[in-house]
Amino acid sequence: MSAAKQDGGSGSAQDVLARLADVLEARRQGADPESSYVARLFQRGTDAILKKVGEEATETVMAAKDGVPARIVSETADLWFHTMIMLAHFDLRPSDVLAELERREGLSGLDEKAQRRAPERDRAGE
């Protein structure tokens, strides 16, 4: 049984993220900024979206420091939501992030970090 089913959710986590991404894309394409928070954020542009992601990241860290599970979950949901708005703004989807996580699966974090640094060193040596 999937974690979503065990936790009382419907569908897989990937399905939930895909449905939310579809809603965000619809808001980006045609919702009225006067009646949609998401459309208003898209209208305000990159800096406003990134500022909101930063604010939500800070609130998530603060909730984690407090150690209250319900707040940690709530703030993490806010962070994920706003991160998905950022992804949509850059024409990306949760599936892009999931594919990257899948690529890293089974790879040591230290090895993965070293692989990311190798191209940076190559570019710096040009």
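As the structure is a computational prediction, the values presented were derived from the model and not from experiment.

**Student:** I would appreciate a short explanation of the pattern of salt bridges in the present structure.
**Tutor:** Pairs may arise between side chains of opposite charge once their charged atoms sit close together. By the definition in use, this model includes eight salt bridges. Residues Asp-22 and Arg-93 are paired through a salt bridge, measuring 2.9 Å at the closest nitrogen-oxygen approach. Pair noted here: Asp-22 is in helix α2 (residues 13-30) and Arg-93 is in the loop between α5 (69-89) and α6 (94-104), with a separation of 71 residues, a long-range link. For Arg-71, the salt bridge identified is with Asp-66, shortest N-O distance 2.5 Å.

**Student:** What is the right way to look at the layout of surface pockets in this model?
**Tutor:** Put simply, the largest pocket is a space of about 470 Å³. Considering every element that reaches the lining of the largest pocket, the biggest residue donor is α5, with eight residues. Class assignment for the residues of the lining of the largest pocket results in 14 nonpolar, three polar and no charged.

**Student:** Could you clarify how one ought to interpret the environment of Thr-83 in this entry?
**Tutor:** With respect to the secondary-structure elements, Thr-83 resides in helix α5. As a C-alpha pair, Thr-83 and Ala-57 span 26 residues in sequence and 9.4 Å in three-dimensional space.

**Student:** Just checking my understanding: could you explain the side chain of His-82 for this structure?
**Tutor:** Following the sequence through the fold, His-82 ends up in helix α5. The buried category is assigned to His-82, whose relative accessible area is 6%. Polar contacts involving the side chain of His-82 include one to the main-chain carbonyl oxygen of Asp-78, which spans 2.8 Å. Excluding residues that lie within four positions of it along the chain, His-82 makes contacts with Tyr-37, Leu-41, Lys-52, Val-53 and Glu-56.

**Student:** When you look at a nonpolar patch on the surface in this model, what are you seeing that I'm missing?
**Tutor:** On the surface, Leu-50, Phe-90 and Leu-92 cluster together into a nonpolar patch covering about 260 Å² of accessible area. Here Leu-50 is to be found in helix α4 (residues 46-66).

**Student:** Would you take a moment to explain the environment of Thr-76 for this structure?
**Tutor:** Inspection of the secondary structure puts Thr-76 in helix α5. For the pair formed by Thr-76 and Val-61, sequence separation is 15 residues and the distance between their alpha carbons is 9.0 Å.

**Student:** Could you clarify how one ought to interpret unusual backbone geometry in this entry?
**Tutor:** When glycine is set aside, most residues are seen to have a negative phi, and most peptide bonds are trans. Its identity as a non-glycine residue notwithstanding, Asp-91 has a phi of 55 degrees, on the positive side. As for its placement among the helices and strands, Asp-91 is situated in the loop between α5 and α6. Accessibility expressed as a relative area gives 58% for Asp-91, which makes it exposed.

**Student:** For this particular structure, what's the right way to read the nonpolar core?
**Tutor:** Note that soluble globular proteins tend to have their nonpolar side chains buried in a common cluster. Counting eleven residues, the largest nonpolar core is built from Leu-17, Ala-21, Leu-24, Val-38, Leu-41, Phe-42, Ala-48, Ile-49, Met-84, Ile-85 and Ala-88. At the level of elements, α2, α3 (37-44), α4 and α5 are the ones that each hand at least two residues to this core. The residues contacting Phe-42, other than those within four sequence positions of it, are Leu-24, Arg-28, Ile-49, Ile-85, Ala-88 and His-89.

**Student:** Whenever I open this one, the packing of α4 against α5 confuses me. Can you help?
**Tutor:** Any two packed helices are characterised by the angle at which their axes cross and by the distance between the axes. Where α4 contacts α5, the two axes come as close as 8 Å, and the packing angle between them is 160 degrees. Accordingly, the angle class assigned to the pair α4 and α5 is roughly antiparallel. Seen from above, α4 lies across α5 with left-handed handedness. Considering only residue class, the contact of α4 with α5 consists of eleven nonpolar, six polar and seven charged.

Calculation rules
Residues numbered from 1 in each chain as written. Predicted model: local features only at pLDDT ≥ 70, side-chain atom pairs only at ≥ 80, totals over all residues. Heavy atoms only, no water. Salt bridge = Lys/Arg side-chain N within 4 Å of Asp/Glu carboxyl O. Helix = DSSP H or I, 4+ residues; strand = E, 2+ residues; numbered from the N terminus. 1 Å grid on protein atoms, 1.4 Å probe; cavity = no way out; pocket = protein on both sides within 12 Å on 5 of 7 lines; lining within 4 Å. Points joined across faces, edges and corners; volume = space filled by probe spheres on them. Nonpolar A, V, L, I, M, F, W, Y, C, P; charged D, E, K, R; others polar. Buried < 20%, exposed > 50% of the residue type's maximum accessible area, 1.4 Å probe, protein only. Polar contact = N/O pair within 3.5 Å; in protein donor to acceptor, adjacent residues only side chain to side chain. Contact = heavy atoms within 4.5 Å. Patch = residues over 30% accessible without salt bridge, like charges linked within 9 Å, V, L, I, M, F, W, Y side chains within 5 Å. Areas by Shrake-Rupley, 256 points an atom, 1.4 Å probe, with all protein chains shown as cover. Core = buried A, V, L, I, M, F, W, Y, C linked by side-chain atoms within 4.5 Å. Axes fitted to C-alpha atoms, helices over the stretch in contact; angles between N-to-C directions. Parallel < 35°, antiparallel > 145°, perpendicular 65-115°, else oblique. Left-handed = near helix turned anticlockwise from the far one by under 90°.

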